[in-house]
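Below are the chains, spelled out letter by letter.
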Amino acid sequence: MTRWWSRLRPDNFTLALLATVALASVLPMTGAAAHGLDRFTDLAIAALFFLHGARLPRESIVAGMLHWRLHLVILACTFVLFPLLGLAFRPLAGWALTPDLYVGVLFLCALPSTVQSSIAFTSMAGGNIPAAVCAASLSSILGVFLTPLLMGVLAGSQGGMADPLHAVGAIMLQLLVPFVAGHLLRPWIAHWVERQRALLRYTDQGTVLLVVYGAFGESVVEGLWHKTPVGALLAAAGVAVVLLAIAMPGITWLARRLGFSREDEIPIVFCGSKKSLATGVPIAKVLFAGGSLGAIVLPIMIYHQLQLIVCAVVAQRYARRKPETGTR
């Protein structure tokens, strides 16, 4: 029982997310204070992606890019399979799910993979770490372009979404330009970034919490909790469970069907099934109008916790199996 509770217990970051949502629900910022927080959050997001660029080793990019088949499979799972699954839930829109929550489900399905946790779980499971670094980073970079374009196709103008092409330009300016700048400066700042890795992890999480607080605060002022019944929240959680229950076994089956080795199967499973809260929340901030933003990011927040629990269990199962036995 203790072991199962340790797996199901929310991590500290998830508890912080819940506390942030509660704080924004009770004490949302308005007026000039909200505008100042919004500007500060923009700077924090730019700094976050600058540091992501500085962390990414050039050698890992070169080594990982050799596995082009692996990357194609991961990108197809991330940007083709998931959007198709999201469309399958359309009958729930306006019935079990509010319109904004359904847009949030589509947004979840259009997001890129995570970077840090995909690499961490691949390492824990004994998989191909350089391929995971490259695949997760490539997914994150392409998400700057593909997520707004996919949302333009999937959702149109629902949720107060900005013009996709205009959003791509805004997201590039806020996320991609700092990322490239950080990577170009890596020869001079890489050692400092590595020494500060533990501190920078809290910087990552703090930036997400800032965006979540601002998003939910603005949405609460616009009547988020009055427009979102409990039944719709439970339905959003159910959709997240079903998505993960389909994606992970399906991607595992596909990797084996295509003949990938165990070491390559592992990053395909983790990078292909995970969705990035850290990238998704800043993209949502640019892509959607403030009044609907809180409901739209709820599905990715739920999926975030689910994927951490399930991936931890799956990584431990991979780690317990000996590669030399030839079993998976």
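Right above here is the structure, for reference.
Bear in mind that the values here come from a model prediction, so they are computed numbers and not experimental data. (Residues numbered from 1 in each chain as written. Predicted model: local features only at pLDDT ≥ 70, side-chain atom pairs only at ≥ 80, totals over all residues. Heavy atoms only, no water.)

What am I meant to see in the pattern of salt bridges here?
Pairs can form between side chains of opposite charge once their charged atoms are near each other. For the coordinates displayed, the defined rule picks out five salt bridges. The salt bridge involving Asp38 is made with Lys285; its shortest N-O contact spans 2.7 Å. Residue Asp38 is found in helix α3 (residues 31–55), and its partner Lys285 is found in helix α15 (residues 277–287); the two are separated by 247 residues along the sequence. Here Lys285 makes a salt bridge to Asp42, at a shortest N to O gap of 2.7 Å. (Salt bridge = Lys/Arg side-chain N within 4 Å of Asp/Glu carboxyl O. Helix = DSSP H or I, 4+ residues; strand = E, 2+ residues; numbered from the N terminus.)

It is not clear to me how helix α10 (residues 186–195) should be interpreted in this structure. Could you clarify?
At 3.6 residues per turn, the α-helix brings residues three or four places apart onto the same side. Regarding α10, the residues found buried are Arg186, Ala190 and Val193. Relative to the axis of α10, the buried residues are bounded by an arc of 80 degrees and lie together on one face. Opposite its buried face, α10 presents the exposed residues Trp188, His191 and Arg195, each directed more than 90 degrees away. (Buried < 20%, exposed > 50% of the residue type's maximum accessible area, 1.4 Å probe, protein only. Arc of directions from axis to C-beta.)

Looking at this structure, I do not really get a nonpolar patch on the surface. What am I missing?
Among the surface-exposed residues, Leu23, Val26 and Leu27 lie close enough to one another that they form a single nonpolar patch of about 300 Å² accessible area. Secondary-structure assignment places Leu27 in the loop between α2 (12–26) and α3. (Patch = residues over 30% accessible without salt bridge, like charges linked within 9 Å, V, L, I, M, F, W, Y side chains within 5 Å. Areas by Shrake-Rupley, 256 points an atom, 1.4 Å probe, with all protein chains shown as cover.)

Explain the nonpolar core to me, please; I cannot follow it from the model alone.
Nonpolar side chains tend to gather and get buried jointly when the protein is soluble and globular. In this structure, Phe107, Met151, Phe216, Leu243, Phe270 and Phe288 are the most contacted members of the largest nonpolar core, which totals 92 residues. It is helix α16 (residues 290–320) that provides the largest number of residues to this core, a total of 13 residues. Residue contacts for Leu243: discarding those within four places in its chain leaves Phe82, Leu85, Phe89, Leu108, Cys109 and Tyr303. (Core = buried A, V, L, I, M, F, W, Y, C linked by side-chain atoms within 4.5 Å. Contact = heavy atoms within 4.5 Å.)

Sorry if this is basic, but what is going on with the packing of aromatic side chains here?
Centre-to-centre distance and the angle between the planes together describe a pair of aromatic rings. As enumerated under the stated definition, the model contains five aromatic pairs in all. With a centroid separation of 6.3 Å and 70 degrees between ring planes, the pair formed by Phe270 and Tyr318 is classed as edge-to-face. Within this pair, whereas Phe270 is found in helix α14 (residues 262–273), its partner Tyr318 is found in helix α16, the two being separated by 48 residues in sequence. By relative accessible area, which is 0% here, Phe270 ends up buried. The lysine or arginine in question, Arg69, covers the ring of Phe260, its NZ or CZ lying 4.6 Å from the ring centre. One cation-aromatic arrangement involves Lys275 over Phe82; the distance from NZ or CZ to the ring centre is 4.5 Å. (Phe/Tyr/Trp six-rings, centres within 6.5 Å; stacked < 30°, edge-to-face > 60°. Lys NZ or Arg CZ within 6 Å of the ring centre and 35° of its normal.)

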